[in-house]
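A look at the structure
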Amino acid sequence: MNVSFEIVFHPINIDPDIRCEGFTCHIEGMGLLHLTMTGSCVAVTAMKEVVHFSCQVRTKQTHSILLTNRTNQCWNLQPLIEGEHWTGHKSVTVQPQKNQTYEITYSPLSMTLEGKKHQGSIFFPLPDGTALLYTLVGVSEAPKPITVASREVPCKTSYVELLTISNWLLQPQR
């Protein structure tokens, strides 16, 4: 009888020779199997492609990244996003011999200073041992006014203007 099982390898540090010797596998109805598992973790070379974002502070901009699966296996990718201003889905499935877009959203809550940019990255570990790494660069501009208030008020009278204030953070503000 043949039994397939999956072993997941998630190295933390760069190391050309990672070994787990004497690993025991308990299979019901058989004796112990002793396994030696080896792997390596290499540094990822950054892609030259940079994804640029530009929008007003407290708004969003979304870009699509095209993922191409040239293999005959279905990919279930779990991208790693770095940078506090970017968000995306936790996983994406790419069917064999197909293309799939992955949407990454830039939603800055602070403006960038003159000459400065928000930096981030998105890393796609692929099942064949390779990876895709995109550099994310964002510019957050000053917000546009919601409205311009212009009123004619007779002199020597009091006047009250009510303003609607919205909280864009996930915490109370004063």
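Remember, it's a predicted structure, so these values are computed and weren't measured experimentally.

A volume near 1,200 Å³ is recorded for the largest pocket. As for the largest pocket, its lining consists of 32 residues, of which Phe9, His10, Phe123, Pro125 and Leu126 are closest to the centre. At the level of elements, strand 2 (33-41), strand 5 (75-77), strand 6 (80-82), strand 10 (118-125) and strand 11 (131-141) are the ones that each hand at least two residues to the lining of the largest pocket. Taken together, the residues of the lining of the largest pocket sort by class into 21 nonpolar, nine polar and two charged. Counting the residues that make up the lining of the largest pocket, at least three belong to each of domain 1 (1-43) and domain 2 (46-141).

With a phi close to 65 degrees, Arg58 is a non-glycine residue in the positive phi region. Structurally, Arg58 can be placed in the loop between strand 3 (50-56) and strand 4 (61-68). By relative accessible area, Arg58 is classed as partly exposed at 36%. The backbone of Gln97 shows a phi angle near 60 degrees, a positive value even though the residue is not glycine. Here Gln97 shows up in the loop between strand 8 (92-94) and strand 9 (99-106). Looking at Gln97, the relative accessible area reads 48%, which means it is partly exposed.

Attention shifts here to the environment of Lys116. With respect to the helices, strands and loops of the structure, Lys116 is situated in the loop between strand 9 and strand 10. Taking the C-alpha atoms as reference points, Lys116 and Gly138, separated by 22 residues in sequence, lie 9.3 Å from one another.

Domain annotation for the chain reports domain 1 (1-43) and domain 2 (46-141). Taking only C-alpha atoms into account, the centre of domain 1 sits 31 Å from that of domain 2.

The final tally for this structure, using the stated rule, is two salt bridges. The partner of Arg19 in a salt bridge is Asp17, and the shortest N-O contact between them spans 3.2 Å. On the basis of relative accessibility, which here comes to 40%, the residue Asp17 falls in the partly exposed class. Taking the shortest distance from any N to any O, the salt bridge between Glu161 and Arg151 comes out at 3.0 Å. With Glu161 in the segment after strand 11 and Arg151 in the segment after strand 11, this residue pair connects regions lying ten residues apart in the sequence.

Basis of the calculations
Residues numbered from 1 in each chain as written. Predicted model: local features only at pLDDT ≥ 70, side-chain atom pairs only at ≥ 80, totals over all residues. Heavy atoms only, no water. 1 Å grid on protein atoms, 1.4 Å probe; cavity = no way out; pocket = protein on both sides within 12 Å on 5 of 7 lines; lining within 4 Å. Points joined across faces, edges and corners; volume = space filled by probe spheres on them. Helix = DSSP H or I, 4+ residues; strand = E, 2+ residues; numbered from the N terminus. Nonpolar A, V, L, I, M, F, W, Y, C, P; charged D, E, K, R; others polar. Domains from an automatic or database assignment. Buried < 20%, exposed > 50% of the residue type's maximum accessible area, 1.4 Å probe, protein only. Salt bridge = Lys/Arg side-chain N within 4 Å of Asp/Glu carboxyl O.

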